[in-house]
Amino acid sequence: MRFLIAPNAFKGTISATDAAKIIGAQLEQIQGAECQIQPVADGGDGTCSLLIDSLGLEKVFVPSLNAIGQPMMGYFGWAPAFHKAYIDVSTVSGIGSLEFTQRDPFSASTYGTGLLIRKAVEWGAKEVVLGLGGSATVDLGIGILRALGVLFLDEKGRELTVFSPKFLEAIKHIQLTPNLPEVNFTCLCDVNNPFFW
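What comes next concerns the included structure. Treat the numbers as computed from the prediction; the structure is a model and nothing was measured. (Residues numbered from 1 in each chain as written. Predicted model: local features only at pLDDT ≥ 70, side-chain atom pairs only at ≥ 80, totals over all residues. Heavy atoms only, no water.)

**A word on the environment of Glu58**
Applied cut-off: The numbering of helices and of strands both runs from the N terminus, where a helix is a DSSP run of H or I of at least 4 residues and a strand a run of E of at least 2. Only heavy atoms matter for contacts: two residues are in contact if any of them lie within 4.5 Å across the pair.
Residue placement: Glu58 occurs in strand β3 (residues 58-65). Residues in contact with Glu58, not counting those within four places in the same chain, are Phe76, Gly77, Trp78 and Trp123.

**Quick look at the sheet that holds strand β4 (residues 71-79)**
Condition: What makes two strands pair is DSSP finding at least two bridges between them. Angles shown run from 0 to 180 degrees and are taken between the N-to-C directions of axes, each axis being a line fitted to C-alpha atoms and, for helices, limited to the stretch in contact.
With mixed pairing, five strands are arranged side by side in an open sheet as β3-β4-β5-β6-β9. Both edges of this open sheet fall to β3 and β9 (184-188), since each of them pairs with a single strand only. The sheet shows a mean angle of 25° between the axes of neighbouring strands, taken without regard to direction. Note that β4 and strand β5 (residues 84-88) share three bridges and pair antiparallel. Residue pairing for β5: Trp78 is matched across the bridge by Ala85. Where helix α2 (residues 47-55) meets the sheet, it contacts β3, β4, β5, β6 (127-131) and β9, and its direction lies at approximately 135° from that of β5. Its contacts with the sheet place helix α4 (residues 111-122) against β3, β4, β5, β6 and β9, and it is angled at close to 135° to β3.

**Looking at helix α1 (residues 16-27)**
In plain terms, the rule: By this rule, a helix spans an expected 1.5 Å times one less than how many residues it contains. Only protein chains enter the area calculation, which uses a 1.4 Å probe; residues under 20% of their type maximum are buried, those over 50% are exposed, and those in between are partly exposed. Taking the helix axis as origin, the arc is that swept by the directions to the C-beta atoms.
Here α1 spans 16 Å end to end across twelve residues, near enough to the 16 Å set by a 1.5 Å rise per residue. Among the residues of α1, those classed as buried are Ala16, Ala19, Ala20, Gly24 and Leu27. For α1, the angular spread of the buried residues around the axis is 130°, confining them to a single face. Exposed side chains of α1 directed beyond 90 degrees from the buried face belong to Lys21 and Gln26. At its buried positions, α1 is contacted by β1 (2-5), β2 (34-37) and α2.

**A few points about the environment of Pro105**
Along the chain, Pro105 falls in the loop between α3 (90-93) and α4. Residues Pro105 and Ala67 lie 38 residues apart in sequence; the distance between their C-alpha atoms is 8.8 Å.

**Quick look at the pattern of salt bridges**
The condition is simple: The working definition used for a salt bridge is a side-chain nitrogen of Lys or Arg within 4 Å of a carboxyl oxygen of Asp or Glu.
Under the definition given, this model contains four salt bridges. Here Asp154 ties to Arg158 by a salt bridge, and the two come within 3.1 Å at their closest N and O atoms. On the accessibility criterion, Asp154 (12% relative accessible area) is buried.

Set out below in structure tokens:
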């Protein structure tokens, strides 16, 4: 008997790849079972990770920060022929890497994901494929923009610190810098969001 094992991720608990391995290990105990493992994603957490594996891309590891500013290692997939990087927001800014007591979407930031994007641009990326699922924050990508050089200021013109409570509410001015990278984004998500229409 042949089985195709193609689970999605179980948000905040287990990746699609790990789920597929567990299911496969159980099914292989059946006499005559043949298993083909192909985890899937629909734009949610882990989508770019699966694309990186399926396309056989190099993983470039980058020191970064998680959604609450703690150091962690992240990575992006690199397709040099297309000057394209593949990054999941959930890699470093995801809910899965936080303890339950650390989860505060209003203080959390995508700044660490921005550090990955910045490194990809240094490698020559002209396009970033960004998987949006599994984020631990509702910062609208402002952390990413800060890591790329955009400054967010309070009413007195002072720079605001990412990972701080009520960061979004405190923004009164936005200051662009002349050295912002020129990069295109393709955003992958598993919901219809009017913000992207």
